[in-house]
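Structural description and commentary
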Amino acid sequence: MKKTLLACLFGLSLGACVSAADVQEINIAYVKAPFNLQNIVMKHNQMMEKEFAKDGIKVKWHDITSGAKQTQAMAAGSLDASAAMNTASILMANAAGNPIRIATGVAHPTNLFAIVGKPGPQMKIEDLKGKTVVGPKGTVLHQTLVAALTSKGIDPKDVNFISMDIPKGMTAMMAGKADAALLAASGIYKANEVGAKTITTAQGLIQPNLVFTVSGKFAKEHPQLVERLVKVNREAHKWIKDHKQEALEIGAKEHGISVKTAENLADGSHFYDTLTQKDLDELAADQKFLRENGMMEKDVNIKDIVLPTALK
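This is a predicted model, so every value here is computed, not measured. (Residues numbered from 1 in each chain as written. Predicted model: local features only at pLDDT ≥ 70, side-chain atom pairs only at ≥ 80, totals over all residues. Heavy atoms only, no water.)

1. Topic: the packing of aromatic side chains
Using the following cut-off: To pair, rings of Phe, Tyr and Trp, with the six-membered ring standing in for Trp, must have centres within 6.5 Å; the planes then decide the type, stacked if under 30 degrees apart, edge-to-face if over 60, and tilted in the middle. Elements are defined by DSSP. Helices are runs of H or I of four residues or more, strands are runs of E of two residues or more, and each kind is numbered from the N terminus. Using a 1.4 Å probe on the protein chains alone, a residue whose accessible area is under 20% of its type maximum counts as buried, one over 50% counts as exposed, and one in between counts as partly exposed.
Per the counting criterion, the structure on display carries 1 aromatic pair. Each ring, one from Tyr30 and one from Trp61, has its centre 6.1 Å from the other, and the planes form 80°; the classification is edge-to-face. Of the two residues, Tyr30 sits in strand β1 (residues 25–30) while Trp61 sits in strand β2 (residues 58–63), which places them 31 residues apart along the sequence. Tyr30 gets classed as buried once you look at its relative accessible area, which sits at 5%. The buried category is assigned to Trp61, whose relative accessible area is 15%.

This is the structure in structure tokens:
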């Protein structure tokens, strides 16, 4: 603890850090969807709990799927980190004055986000005009919907979009209260199994990126703890590679799907743990899209929201 204390004392002189001894609990969002196997394995194997137990720091998981709700919880101070957040939510939060920082990478699940139509005739994107679509607002799924509509020259305002979380959205669609729902991963498979038909995935529309995030406050006050959060996240990625079958079985059980479906979802997730220049370029492209479609009020400096831990 002496090294940590000295580092924090030095950090305090720069206004950057307080001692880890002041932290009694770390609150982290548990996000298993679309198929965040690293988060599932991390929680199942209690990897975070074991990392911080030696410091007497408790790890508390919170089931918050929506990126927008995660950023709200961070703004309220009830959440320190998220094991998986989409970059659209991060950009919008920072533009609104809520500092969220990217600590490391998680996945590029291009094929695991989709717009799904209710059971009946196959719908096309053009058929959504004038219809009711449900899903989580201010997320990569919302971005997928806007991108799909604009690709066909449809003003997003011409669709009755109602914000609700993914499980409720699927229930509403299957009950006939919505024409389509924004779904992810296993939710897409389950909806297809009962007659709902995929209208389009995010493939070719946007480049989804899920990342491990921390609140700006936590990043500034506890850089050493952030480094350890990143370390555990990357250890979870490595554990999955070294124990693939066991990891898939854990993920399948958590999602209530077959191991084969879990394998398909894992293959489509494109897990990774270090951001590249390509990721930074895509963040800039996403910001341009969100600004042009009225989902962000102002630009943010991409370099300011990506921590050094994410690039090494």
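2. With respect to the environment of Leu265
Where we set the bar: Residues are treated as being in contact if the distance between any of their heavy atoms lies within 4.5 Å.
Topologically, Leu265 is positioned in helix α12 (residues 259–269). Overall, Leu265 belongs to the buried group, its relative accessible area being 0%. Distance in space between the C-alpha atoms of Leu265 and Val116 is 17 Å, their sequence separation being 149 residues. Once residues within four sequence positions are removed from consideration, Leu265 is found in contact with Phe35, Leu112, Ala185, Ser186, Tyr189 and Ile257.

3. Regarding the sheet that holds strand β5 (residues 113–117)
Rules: One requirement defines pairing of two strands: DSSP has to find at least two bridges between them. Interaxial angle, 0 to 180 degrees, is taken between N-to-C directions of lines fitted to C-alpha atoms, where a helix line uses only the stretch in contact.
Spatially, 5 strands are ordered β7-β6-β8-β5-β9 in an open sheet, and the strand pairing comes out mixed. The two strands at the open ends of the sheet, each matched to only one other strand, are β7 (160–163) and β9 (197–201). Along the sheet, successive strands turn relative to each other by an average axial angle of 30°, direction set aside. Bridging between strand β6 (residues 132–135) and strand β8 (residues 180–184) involves 2 bridges; their strand directions are parallel. Directly across from Val133, in β8, lies its bridge partner Ala180. Sitting on the sheet, helix α6 (residues 140–151) is in contact with β5, β6, β7, β8 and β9, with an inclination near 65° to β5. This element, helix α7 (residues 166–174), spans β5, β6 and β8 of the sheet and lies at about 140° to β8.

4. Considering the pairing of β8
With 5 of 5 residues buried, β8 lies mostly within the body of the structure. Burial along β8 is two-sided: the residues Ala180, Leu182 and Ala184 and Ala181 and Leu183 are all buried. Across 5 bridges, the pairing between β5 and β8 is antiparallel. From the neighbouring strand, Phe113 faces β8, where its bridge partner is Ala184.

5. Description of the confidence of the model for the protein chain
The criterion, for reference: Per-residue confidence from the prediction method is given by pLDDT, with values spanning 0 to 100.
Per-residue pLDDT for the protein chain averages 91, and the proportion of residues at 70 or more is 93%. A low-confidence stretch, residues 1–16 stays under pLDDT 50, and its non-local contacts, those more than four residues away or across chains, total 18 contacts.

6. Describing α12
The following threshold applies: Directions drawn from the helix axis to the C-beta atoms are what define this arc.
All of the buried residues along α12 are Thr261, Ala262, Leu265, Ala266, Gly268 and Ser269. Seen end-on, α12 carries its buried residues on one side only, within an arc spanning 165°. For α12, the secondary structure elements touched by its buried residues are β4 (100–107), α8 (186–193) and α11 (244–255). Count one or two residues on from α12 and you reach His270, which has phi positive near 50°.

7. What to know about the side chain of Arg101
Put simply, the rule reads: Residues counted as positive are Lys and Arg, residues counted as negative are Asp and Glu, and His and the chain ends are not counted. We count a salt bridge whenever a side-chain nitrogen from Lys or Arg sits within 4 Å of a carboxyl oxygen from Asp or Glu.
Here Arg101 lies in strand β4. In this structure, Arg101 is buried with no salt-bridge partner, the nearest side chain bearing the opposite charge being Asp304 at 6.5 Å.

8. Notes on the nonpolar core
Defined as follows: Note on terminology: a nonpolar core comprises buried Ala, Val, Leu, Ile, Met, Phe, Trp, Tyr and Cys residues joined through side-chain atoms within 4.5 Å.
Formed by 107 residues in total, the largest nonpolar core has its most connected members in Met48 and Leu128. A per-element tally of this core places helix α10 (residues 223–242) first, with 8 residues. With near-sequence residues (within four places) excluded, Leu128 lies in contact with Ile115, Met123, Val133, Leu145, Leu149, Val159, Ala180 and Ile199.

9. A closer look at helix α13 (residues 277–292)
Applied cut-off: What a helix should span is 1.5 Å times the count of its residues minus one.
Taking 1.5 Å as the rise per residue, α13 with 16 residues should run 22 Å; its terminal C-alpha atoms sit 23 Å apart, in good agreement. Listed as buried for α13 are Asp279, Leu280, Glu282, Leu283, Asp286, Gln287, Phe289 and Leu290. Residues of α13 that are buried sit in contact with α5 (87–95), β4, α6 and α14 (302–305). Just beyond α13, the residue with positive phi is Gly294, at close to 70°.

10. Let's talk about the packing of α6 against α13
This is how it is decided: Roughly parallel covers angles under 35 degrees, roughly antiparallel covers those over 145, roughly perpendicular covers 65 to 115, and oblique covers all other angles. When the near helix sits turned anticlockwise from the far one by under a right angle, the crossing is termed left-handed; a clockwise turn instead gives a right-handed crossing. Basically, the charged four are Asp, Glu, Lys and Arg, the nonpolar ten are Ala, Val, Leu, Ile, Met, Phe, Trp, Tyr, Cys and Pro, and anything else, Gly included, counts as polar.
Running from amino to carboxyl end, α6 crosses α13 at an angle of 70°, the nearest separation of the two axes being 11 Å. Put simply, α6 runs roughly perpendicular to α13. The hand of the α6/α13 crossing is left-handed. Contacts from Gln143, Val146, Ala147 and Thr150 of α6 reach α13 at Asp286, Phe289 and Leu290. Split by residue class, the contact of α6 with α13 holds 4 nonpolar, 2 polar and 1 charged.

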